[in-house]
Amino acid sequence: MSEATIRRFYEAFARLDGEAMQACYAREAQFEDEAFSLKGAAQIGGMWRMLCGATRGNDAARAHWKLEVSDITASSAHWEAHYLFGATGRRVHNRIDARFEFDEHGLITRHRDRFDFWAWSRQALGAPGWLLGWSPMLRNKVRSMAAENLRRYLERG
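Computed from a predicted structure; not experimentally measured.

### What about the nonpolar core?
Within soluble globular proteins, side chains that are nonpolar generally end up buried alongside one another. The biggest cluster of nonpolar side chains holds 41 residues, and the ones touching the most others in it are Y10, F13, Y25, F36, W48 and W120. At six residues, the largest contribution of residues to this core is made by helix 3 (residues 41-56). Y10 has contacts with L67, V69, A77, W79, A98, F100, H111 and D113, leaving out every residue within four places of it along the chain.

### Here we look at the pattern of salt bridges
Evaluated as defined, the whole model comprises ten salt bridges. Between R7 and E3 there is a salt bridge, with its nearest N and O atoms 3.2 Å apart. Linking R7 with E3, this pair stays in helix 1 (residues 2-14), spanning four residues, or about one helical turn. Through salt bridges with shared partners, one network takes in E148, R151, R152 and E155.

### Description of a nonpolar patch on the surface
A contiguous nonpolar patch, built from W118, W130, L131, L132, W134 and M137 and spanning about 710 Å² of accessible area, is present on the exposed surface. Per element, the largest residue contribution to the nonpolar patch is three residues, and it comes from helix 6 (residues 127-132).

### Some words on the packing of aromatic side chains
All chains considered together, the criterion is met by 14 aromatic pairs. With a centroid separation of 5.6 Å and an interplanar angle of 75°, the aromatic rings of F9 and W48 are classed as edge-to-face. Taken together, the positions of F9 in helix 1 and W48 in helix 3 put the pair 39 residues apart, joining distant regions of the chain. W48 carries the same exposure label as F9, and that label is buried. Counting every residue linked through ring pairs, the aromatic cluster contains F9, Y10, F13, Y25, F31, W48, W65, W79, F100 and F102. Here the guanidinium or amino end of R122 rests over the ring plane of W118, the centre of that ring lying 4.9 Å away. Above the face of the W130 ring, R122 is positioned so that its terminal group lies 5.0 Å from the ring centre.

### What about the sheet that holds strand 5 (residues 91-102)?
What the six strands build is an open sheet, ordered 2-1-6-5-4-3; its pairing is mixed. Both edges of this open sheet fall to strand 2 (37-39) and strand 3 (66-70), since each of them pairs with a single strand only. Here the strands of the sheet are splayed against their neighbours by 20° on average, with no regard to which way each runs. Here three bridges tie strand 1 (residues 25-32) to strand 2, and the two strands are oriented antiparallel to one another. The partner of F31 across the bridge, within strand 2, is L38. Packing against the sheet, helix 1 makes contact with strand 1, strand 3, strand 4 (76-84), strand 5 and strand 6 (108-114), and its axis sits at approximately 150° to strand 5.

### Digging into the packing of helix 3 against helix 7 (residues 136-156)
One way to put it is that helix 3 packs onto helix 7 with a least axis distance of 10 Å and a crossing angle of 95°. For the element pair helix 3 / helix 7, the angle class is roughly perpendicular. Between helix 3 and helix 7, the residues in contact are A42, Q43, G46, M47, R49 and M50 and N149, L150, Y153 and L154, respectively. Here the contact of helix 3 with helix 7 is composed, by residue class, of six nonpolar, three polar and one charged.

### Some details on the side chain of H78
For H78, the location among the structural elements is in strand 4. Look at H78 and you get buried, because its relative accessible area is 16%. Side chain to side chain, H78 and E80 meet in a polar contact 3.0 Å long. Setting aside residues up to four positions removed in sequence, H78 forms contacts with E68, V69, S70, D71, R95, I96 and D97.

Here is what the cut-offs are and how they apply
Residues numbered from 1 in each chain as written. Predicted model: local features only at pLDDT ≥ 70, side-chain atom pairs only at ≥ 80, totals over all residues. Heavy atoms only, no water. Core = buried A, V, L, I, M, F, W, Y, C linked by side-chain atoms within 4.5 Å. Buried < 20%, exposed > 50% of the residue type's maximum accessible area, 1.4 Å probe, protein only. Helix = DSSP H or I, 4+ residues; strand = E, 2+ residues; numbered from the N terminus. Contact = heavy atoms within 4.5 Å. Salt bridge = Lys/Arg side-chain N within 4 Å of Asp/Glu carboxyl O. Patch = residues over 30% accessible without salt bridge, like charges linked within 9 Å, V, L, I, M, F, W, Y side chains within 5 Å. Areas by Shrake-Rupley, 256 points an atom, 1.4 Å probe, with all protein chains shown as cover. Phe/Tyr/Trp six-rings, centres within 6.5 Å; stacked < 30°, edge-to-face > 60°. Lys NZ or Arg CZ within 6 Å of the ring centre and 35° of its normal. Pairing = 2+ DSSP bridges. Axes fitted to C-alpha atoms, helices over the stretch in contact; angles between N-to-C directions. Parallel < 35°, antiparallel > 145°, perpendicular 65-115°, else oblique. Nonpolar A, V, L, I, M, F, W, Y, C, P; charged D, E, K, R; others polar. Polar contact = N/O pair within 3.5 Å; in protein donor to acceptor, adjacent residues only side chain to side chain.

This is the structure in structure tokens:
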């Protein structure tokens, strides 16, 4: 059941369907990656809807969007996303390893994505990423900006 949920989740992601992605999470789920630390399906789903909507609504971003998923097990997957980073318009190829935990209904209760922040920041941010991508200062700045963008997105409703 959990492997089927992971497959359904990434199939929705490939279609940029944030609502279908949110439906894969339990109500009190937790999500964490290098940019976000979120609690609850509504907040997590908001993040996916925000990210998917930004790509779906931009022809250039949509043209660069590609998702590759491999090594799916009952609790993990490897995925690679090719996209334009919205804040800079720079091309990114991010390689992510995901770990999942599930409830008795097969819904995601914990989701942790891990990726090389410095590699991501060099692509997404250019020179600042090259120079500061290794530093906690830049990581905290990115997390702060991501949280603020999500807060504003959720307020708009």
